[in-house]
Amino acid sequence: QQQQQEQQQQQQQNTEGSEEVDPNVLFELALLYYKTMTKETNGNLLDYESKIDLSALYKQATAGPFDPDRHENPGFFDFVGKDRVTAWKALEDLSVEEAKAAFSSILREKVPDFEEWLQKRLAQKRERERRERELRMREQQKVDQQRMLEQQKRMAEEQTKKQQELQMKQKQALEAQQRMMEEKREKEERARKAMLNIVGVTFDKDGNVTEETKPTLFDKEFITNFKKVTGENNDSHATVTNGEVLTVRVPAPSDGPARIIWQMCTDDYDLSFGVDYEPIPAQENGVVPLHEVLPVTKIDSFKQVVTGTDVSKTPGTWLLRFDNSYSYFRSKTVYYRVFVNKLSSTQQQQ
């Protein structure tokens, strides 16, 4: 115990005499020094006991305490191996950090040249890090300069554009009506194409799927792709066990009217599906009234992607109900997704 205390005091003195170094870096450098110098001195760098102690500390730092179930005992005639294992066992529950520190401490105590070698290595490391910092700074300066040039170019282009717009103001005023009508048609066309790209169908003013796009919902390739996309998202598919009703709550925006679009299908079997709307706040008696949007109905959802829409004019929550309560033995896998968008003033008027 007294020897251990002396080693700790020596370690403290060595640490105080040099800069604070990451223990893991210090251990790696100490290990590198020991291996290198051992080769150069043909194993005569340290006395036998010190080498045994270093071997034990290395094992403790890299493999933990000696475990007879995991670590082999040396052979009968392997006397050096026995000494190493005995020293390893004596370390008992010495922590990894303490073992690494003790390894470095022995080299500092026993090898006078180690400290000088260590400081040279640390100086090289600092110099390398300094150069890397300078390189990063130069690269960042180039990026900043390039960004500044691009910003100046954009500002010049914007200024030129403003001047051109000012010169063409009179002409634009005359063409304003025609352009607005054209933009409206283009916007409607983009909205129609966007709806087709997202949900595969478009809706009429009453919220029904248009007849021209309805066949898409029964297309096998569309159904397969729908299952693939939703199946990759854990929040877009679920198993509804037999006798169960799964309810998915979809909050509506609280700052104005909004539209919801829902889509769902199943694997191999039908499923009952319906939608209710739960407005906020509740009535004075605390009862929350439910508005039936879509009655719960059994649907051949394995043959199509069931699609519908609804508009909320007051804050609340849509309740999507996947009803498998009528099935006594069979669970159903359901794939679904919803889109909720706040309505613009134009859409509200429509």
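Every value quoted in this text rests on a predicted model; they were computed, and no experiment measured them.

### Some details on the overall build of the protein chain
For step 1, the next point in the chain: Per the secondary structure count, the protein chain includes nine helices and eight strands.
For step 2, the next point in the chain: A burial count over the protein chain gives 31% of its 350 residues as buried.
For step 3, the next point in the chain: Long-range contacts, defined as pairs at least 24 residues apart, comprise 76% of the intrachain contacts of the protein chain with a sequence gap of at least 6.
For step 4, the next point in the chain: Carbon together with sulfur atoms contributes 48% to the accessible area of the protein chain, which is approximately 24,200 Å² in total.

### Topic: a nonpolar patch on the surface
For step 1, the next point in the chain: Taken together, the side chains of F76, F77 and F79 make up a nonpolar region of the molecular surface, amounting to roughly 440 Å² of accessible area.
For step 2, the next point in the chain: If you trace the backbone, F76 turns up in the loop between α3 (48-63) and α4 (79-90).
For step 3, the next point in the chain: Note on F76: relative accessible area 60%, which makes it exposed.

### Description of helix α2 (residues 23-40)
Every α-helix carries 3.6 residues per turn, so stepping three or four residues along brings you back to the same face.
For step 1, the next point in the chain: With 18 residues, α2 ought to run about 26 Å at 1.5 Å a step, and its terminal C-alpha atoms sit 25 Å apart, in line with that.
For step 2, the next point in the chain: Residues L26, F27, L29, A30, L31, Y33, Y34 and M37 constitute the buried set of α2.
For step 3, the next point in the chain: Near the N-terminus of α2, the side chain that reaches the backbone nitrogen of N24, with its oxygen 2.8 Å away, is that of D22.
For step 4, the next point in the chain: Immediately beyond the C-terminal end of α2, within one or two residues, lies N42, with a positive phi of roughly 55 degrees.

### Quick word on the pattern of salt bridges
For step 1, the next point in the chain: This structure, assessed with the given rule, holds 13 salt bridges.
For step 2, the next point in the chain: The salt bridge involving K120 is made with E116; its shortest N-O contact spans 3.7 Å. Linking K120 with E116, this pair stays in helix α6 (residues 112-167), spanning four residues, or about one helical turn.
For step 3, the next point in the chain: Between K227 and D267 there is a salt bridge, and its shortest N-O distance comes to 2.9 Å. Of this pair, K227 sits in helix α8 (residues 220-231) while D267 is found in the loop between β3 (258-266) and β4 (271-279), placing the two residues 40 residues apart along the sequence.
For step 4, the next point in the chain: When salt bridges that share partners are traced, they join E127, R130, R131 and E134 into one network.

### Some details on unusual backbone geometry
For step 1, the next point in the chain: At E92, a position not held by glycine, the phi torsion is positive, near 50 degrees.
For step 2, the next point in the chain: The residue E92 is located in the loop between α4 and α5 (96-110) in this model.
For step 3, the next point in the chain: One non-glycine residue, D268, adopts positive backbone phi at about 70 degrees.
For step 4, the next point in the chain: Topologically, D268 is positioned in the loop between β3 and β4.
For step 5, the next point in the chain: With relative accessibility at 57%, the residue D268 sits in the exposed group.

### A few points about the nonpolar core
Here is a general trend for soluble globular proteins: nonpolar side chains tend to be buried in one another's company.
For step 1, the next point in the chain: Of all hydrophobic cores here, the largest spans 24 residues; its most connected members are Y33, F103, L107 and F114.
For step 2, the next point in the chain: Of all the secondary-structure elements, those providing two or more residues to this core are α2, α3, α5 and α6.
For step 3, the next point in the chain: Excluding residues within four positions of it along the chain, L107 makes contact with A30, Y33, Y34, L46, L54 and F114.
For step 4, the next point in the chain: Counting 20 residues, the second largest nonpolar core, distinct from the first, contains V240, F273, F322 and V334.

### Describing α3
For step 1, the next point in the chain: Under the 1.5 Å per step criterion, the end-to-end length of α3 is 22 Å for 16 residues, consistent within 8% with the ideal 22 Å.
For step 2, the next point in the chain: Of all the positions in α3, only S50, I52, L54, A56, L57, Q60 and A61 are classed as buried.
For step 3, the next point in the chain: Residues of α3 that are buried in the fold lie against α2, α4 and α5.
For step 4, the next point in the chain: Where α3 begins, the side chain of D47 points an oxygen toward the backbone nitrogen of E49, at a separation of 3.2 Å.
For step 5, the next point in the chain: With its phi angle positive at about 80 degrees, G64 sits one or two positions after the end of α3.

### A closer look at the confidence of the model for the protein chain
For step 1, the next point in the chain: Looking at the protein chain, the pLDDT average stands at 84 and 88% of residues meet or exceed 70.
For step 2, the next point in the chain: Here residues 13-18 scores under 50 on pLDDT; set against residues more than four positions off or in separate chains, the count is seven contacts.

### Here we look at the environment of T210
For step 1, the next point in the chain: Looking at where T210 falls in the secondary structure, it is placed in the loop between α7 (169-199) and α8.
For step 2, the next point in the chain: With relative accessibility at 17%, the residue T210 sits in the buried group.
For step 3, the next point in the chain: Not counting chain neighbours up to four residues away, the residues in contact with T210 comprise T202, F203 and D204.
For step 4, the next point in the chain: One polar contact links T210 to T202, side chain to side chain, over a distance of 2.9 Å.

Cut-offs used in this document
Residues numbered from 1 in each chain as written. Predicted model: local features only at pLDDT ≥ 70, side-chain atom pairs only at ≥ 80, totals over all residues. Heavy atoms only, no water. Helix = DSSP H or I, 4+ residues; strand = E, 2+ residues; numbered from the N terminus. Buried < 20%, exposed > 50% of the residue type's maximum accessible area, 1.4 Å probe, protein only. Contact = heavy atoms within 4.5 Å. Areas by Shrake-Rupley, 256 points an atom, 1.4 Å probe, with all protein chains shown as cover. Patch = residues over 30% accessible without salt bridge, like charges linked within 9 Å, V, L, I, M, F, W, Y side chains within 5 Å. Salt bridge = Lys/Arg side-chain N within 4 Å of Asp/Glu carboxyl O. Expected span 1.5 Å × (residues − 1). Polar contact = N/O pair within 3.5 Å; in protein donor to acceptor, adjacent residues only side chain to side chain. Core = buried A, V, L, I, M, F, W, Y, C linked by side-chain atoms within 4.5 Å. pLDDT = per-residue confidence, 0-100.

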